[in-house]
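Descriptive analysis of the structure
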Amino acid sequence: MASVTFDHATRLYPGSTRPAVDALNLEVADGEFLVLVGPSGCGKSTSLRMLAGLEEVNAGSILIGDRNVTDVPPKDRDIAMVFQNYALYPHMTVAENMGFALKIAGINKDERATRVLEAARLLDLEPYLNRKPKALSGGQRQRVAMGRAIVRQPQVFLMDEPLSNLDAKLRVQTRTQIASLQRRLGVTTVYVTHDQTEALTMGDRIAVLKDGLLQQVGTPRDLYEAPNNVFVAGFIGSPAMNLFTADLTEGGVRFGTSVVPLERSIGAQASGSHVTIGVRPEDIVVSQTRGEGLAVHVDLVEELGADGYLYGHSDIDGKRTDIVTRVDGRIHPSMGETVYLTAAPGHVHVFDVESGERLSSAVTLA
Amino acid sequence: MAISGSLNITAAMVDPALLDLPWDVPLEDWPENTIAALPKGISRHLVRFVNLSGYVIAVKETSEDLARREYEMLRTLQRMDVPCVEPVAVISNRADENGQPLEAVLVTRHLKFSLPYRALFSQALRPDTATRLVDALSLLLVRLHIIGFFWGDVSLSNTLFRRDAGSFAAYLVDAETGKLYTGGGLSNGQRENDLEIARVNIAGELMDLAAGGRVEEDVDPVEVSERIVAQYRTLWAELTGWESFPGYERWRINERVDRLNALGFDIEELAIRTDQEGTQVRIQPKVVDAGHHQRRLIRLTGIDAEENQARRLLNDLDSYAATFGREEQDEEALAHEWVAQVFEPVVRAIPRDLKGKLEPAEVFHQLLEHRWFMSQKQSRDVPLAEAVAAYIDDILRHRRDEATVINPQTGILTLPLDEEELDAELDADADGDWRSRV
């Protein structure tokens, strides 16, 4: 097992002026589950492919453990791409299916048997070692395919959107399985997804990329409580954080007719008299009686059982701004009403209006 | 057949017969009378073959995204003249009679006279067949890499083979994992990865055949799988490598062109560099195009054949020209004469009920072989008409029809699998200790 280091790793496609991955610096600890996440075109898959050796590294380097693998061919990097279309062969037993790649690699029979048994135990497949794939359930077959990667005992597992072809139910199941298996194996894993929920639920740490640039890396909680900038704030969390421009005033920031108190230092750091503020849907207090706060016209309330989400819009500085807040799933305002919103004290994220960088300290979860 | 609500069909050309298929029924439950032969194949997705007006289509149920992506990819590959299956349509917005949504499908046209590798031998795979399969696949892989296509799932199962005058011509079937990198082309790492995937998959496929007792003893799966790497590298170097020589050996430029022609490639663009003093010359093919003999044959005769078949036919045409040609006669006129006097009479001589056995160009190739053997055995020049009659009765009549062989299924289970296959047969353990087989 080993750590993974991206050291100013850059990928510039021929004929392009902007790097697909721009001087990426990232350290994945030994045994860690790191998720690369971002919208399409952000460079997450390119980063993974650079680590896999599929993509040239134009500047900087990539290390697995202490070994510089920047110019090492993929098959000599001691990595495994999991869930690459692994075929299961119908005439071979589970043990053969799991072990045949070791045979090709010239590993002796005893060693093959040892490794296959070890992997089978981890995957709860020991009773089926002598069985043909046809007699296995779908889930078991999937685990045999994982076993093929595990018996190779690679230093690093790489997974590129492995769940994208699955339907919603199987996706949630497999997500849990992969995460728990990774923790049991303790193999360093780099996992790519565009889905921030997948990232939040699976990763020890998450690296958010945009336009080839690393925006932030941290635990799911770090990213949720203290997003570095407006992009991360809007990307992590579902429904997304409400973000809009607000005026700085004496002692705080204007939120409709109310003022949300802020730390004094923020005003001094801001590049102008406005800031971008962000409030998560669960950090908004909704009032149906006319009063202080931001007046919002209710467009729709989505009931999800105990909770619900209110979708509305407000006029902020002459601009229609959409707002989402969490409400009670049963007792909530109805469509067409006007409600008054205030931010829960201490739950406002403040960003510089020019640079988009975070100005306020972390909003800690209650 | 009712067309449900708002079926969405994307196709370059819609065959009206396509509309008559039961799109409101899950593929798995399609009535037997629509299905062409064979039980459903086991693969990543459900694929079934259906008889349409005069041809066979393959229908694959998959997600709409994947179906569209693969459809576009196959269309692009076709435009680039890569041998692959022909995409026909994507059909989405399917729903059953109760309005429950059904998966989208990708429809491709079955490639006539193409065979899955498991259908290329009747009892057990012989070493020379294994070699020819791997050679055909390595040529296909090189062609794909040259245009910047990363396959991601190279295997014998994802390829269809057509007979090609003693060799095979390989066609890409499954482009689902593929990606086209235009502009910069593929990195060495991507090419190496495809090769490694190919090597492991081929070894696995042959080991599986061996486990089913369908490989002759002297076929070593690992050795055969390593051949793809060697073949690929040789071809890649010949097609893309720099070559340098002293300036006075300029004949080596022609030699390189001839070598590539012999391999079936034309050079569209060649980079030539000389050093300061002009004593050393370096050359590298920049743009190469497969189908050297195919193009010449089609230009001269209008006959569309595989590369080796074309080579064979052209050889016969050349010897015809040498025997009967008059000096002032131009190549086109001679070719026209050859088609009328030699090729067409042979094709016409094949009885109607035997037309589904082999493609005309393959028949012609086999006929030439047969005639050669007859002549050797009888120590005389066997006339064409006599050879045709003998070939039809002694050889062709005893072959199976290969026009639409879609069985046996390729028999590979891939991931992800759908949950419906949970019905496990329980007493399916193999005999003995698992360790003996690992």
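Keep in mind it's a predicted model, so treat the numbers as computed, not measured.

1. Quick notes on the overall build of chain A
Within chain A, the regular secondary structure consists of nine helices and 21 strands. Overall size of chain A, expressed as C-alpha extent along the three principal axes, is 75 × 50 × 35 Å. The buried share of chain A, taken over its 366 residues, is 55%. When contacts within chain A are restricted to residue pairs at least 6 apart in sequence, long-range pairs at least 24 apart make up 65% of them. Within the structure as shown, chain A displays about 15200 Å² of accessible surface, and the carbon and sulfur contribution to it stands at 49%. Separation between the mean location of the 36 positive side-chain charges and that of the 44 negative ones in chain A comes to 10 Å.

2. A short note on the sheet that holds strand β14 (residues 265-274) of chain B
Residues and elements named next belong to chain B. The strand order β13-β15-β14 describes an open sheet built from three strands, whose pairing is antiparallel. Lying at the two open borders of the sheet, with one neighbouring strand each, are β13 (243-246) and β14. Pairwise comparison of adjacent strand axes, ignoring direction, gives a mean angle of 30° for this sheet. Looking at chain direction, β13 and strand β15 (residues 280-290) are connected through four bridges and run antiparallel. From the neighbouring strand, P246 faces β15, where its bridge partner is Q280.

3. Quick look at the nonpolar core
One broad trend across soluble globular proteins is that nonpolar side chains are buried collectively. With 52 residues, the main nonpolar core has W151(B), F161(B) and L172(B) as its most contacted residues. The set of elements that each furnish at least two residues to this core consists of α1 (64-79), α2 (127-146), β10 (159-164), β11 (167-172), α3 (188-211), α4 (221-240), β14 and β15 of chain B. Among the elements that take part in this core, α2(B) stands out by supplying nine residues, more than any other. Excluding residues that lie within four positions of it along the chain, W151(B) makes contacts with L137(B), L140(B), L141(B), L144(B), N158(B), T159(B), L172(B), D174(B), T177(B), G178(B) and D194(B). Core analysis: the second largest hydrophobic core is formed by 44 residues, A95(A), A120(A), L129(A) and L185(A) among them.

4. Quick notes on α1(B)
All names here are of chain B. Taking 1.5 Å per residue, 16 residues should reach 22 Å; α1 reaches 22 Å between its end C-alpha atoms and fits that length. For α1, the full list of buried residues reads L66, A67, E70, Y71, M73, L74 and L77. Once α1 finishes, D81 follows within two positions and takes phi at roughly 65°, a positive value.

5. As for the environment of S16(A)
Residues and elements named next belong to chain A. You can see S16 is positioned in the loop between β1 (4-11) and β2 (21-28). Considering only alpha carbons, one finds S16 and E32, 16 residues apart in sequence, at a separation of 33 Å. Engagement of the side chain of S16 in a polar contact is seen with the backbone oxygen of R18, the distance being 3.0 Å.

6. Section: the domain arrangement of chain B
If you check the domain split of chain B, you get domain 1 (2-109), domain 2 (114-240), domain 3 (243-290) and domain 4 (292-405). Using only C-alpha atoms to locate each centre, domain 1 of chain B and domain 4 of chain B end up separated by 37 Å.

7. Concerning the pairing of strand β17 (residues 294-304) of chain A
In this structure, β17(A) lies alongside strand β20 (residues 338-343) of chain A, joined through four bridges in antiparallel fashion. Each residue of the ladder has a partner; that of L294(A), found in β20(A), is L341(A).

8. Let's talk about the interface of chain B and chain A
With 51 residues of chain B at the interface, the matching set in chain A holds 48 residues. Interface of chain B and chain A: buried area, both sides summed, is about 4500 Å²; carbon and sulfur atoms make up 60% of it. Where chain B touches chain A, the interface holds one salt bridge. Salt-bridge contacts for R437(B) lead to E96(A); the nearest nitrogen and oxygen are separated by 3.3 Å. Where chain B packs against chain A, one counts eight residue pairs in polar contact (both at pLDDT 80 or more). Contributions of two or more residues to the side of chain B that touches chain A are made by α3 and β16 (413-414) of chain B. Among the elements that take part in the side of chain B that touches chain A, α3(B) stands out by supplying 15 residues, more than any other.

What counts, and at which threshold
Residues numbered from 1 in each chain as written. Chains lettered and ligands numbered in written order. Predicted model: local features only at pLDDT ≥ 70, side-chain atom pairs only at ≥ 80, totals over all residues. Heavy atoms only, no water. Helix = DSSP H or I, 4+ residues; strand = E, 2+ residues; numbered from the N terminus. Buried < 20%, exposed > 50% of the residue type's maximum accessible area, 1.4 Å probe, protein only. Contact = heavy atoms within 4.5 Å. Areas by Shrake-Rupley, 256 points an atom, 1.4 Å probe, with all protein chains shown as cover. Lys, Arg positive; Asp, Glu negative; His and termini not counted. Charge placed at Lys NZ, Arg CZ, Asp CG, Glu CD. Pairing = 2+ DSSP bridges. Axes fitted to C-alpha atoms, helices over the stretch in contact; angles between N-to-C directions. Core = buried A, V, L, I, M, F, W, Y, C linked by side-chain atoms within 4.5 Å. Expected span 1.5 Å × (residues − 1). Polar contact = N/O pair within 3.5 Å; in protein donor to acceptor, adjacent residues only side chain to side chain. Domains from an automatic or database assignment. Buried area = accessible area lost by both parts, 1.4 Å probe. Salt bridge = Lys/Arg side-chain N within 4 Å of Asp/Glu carboxyl O.

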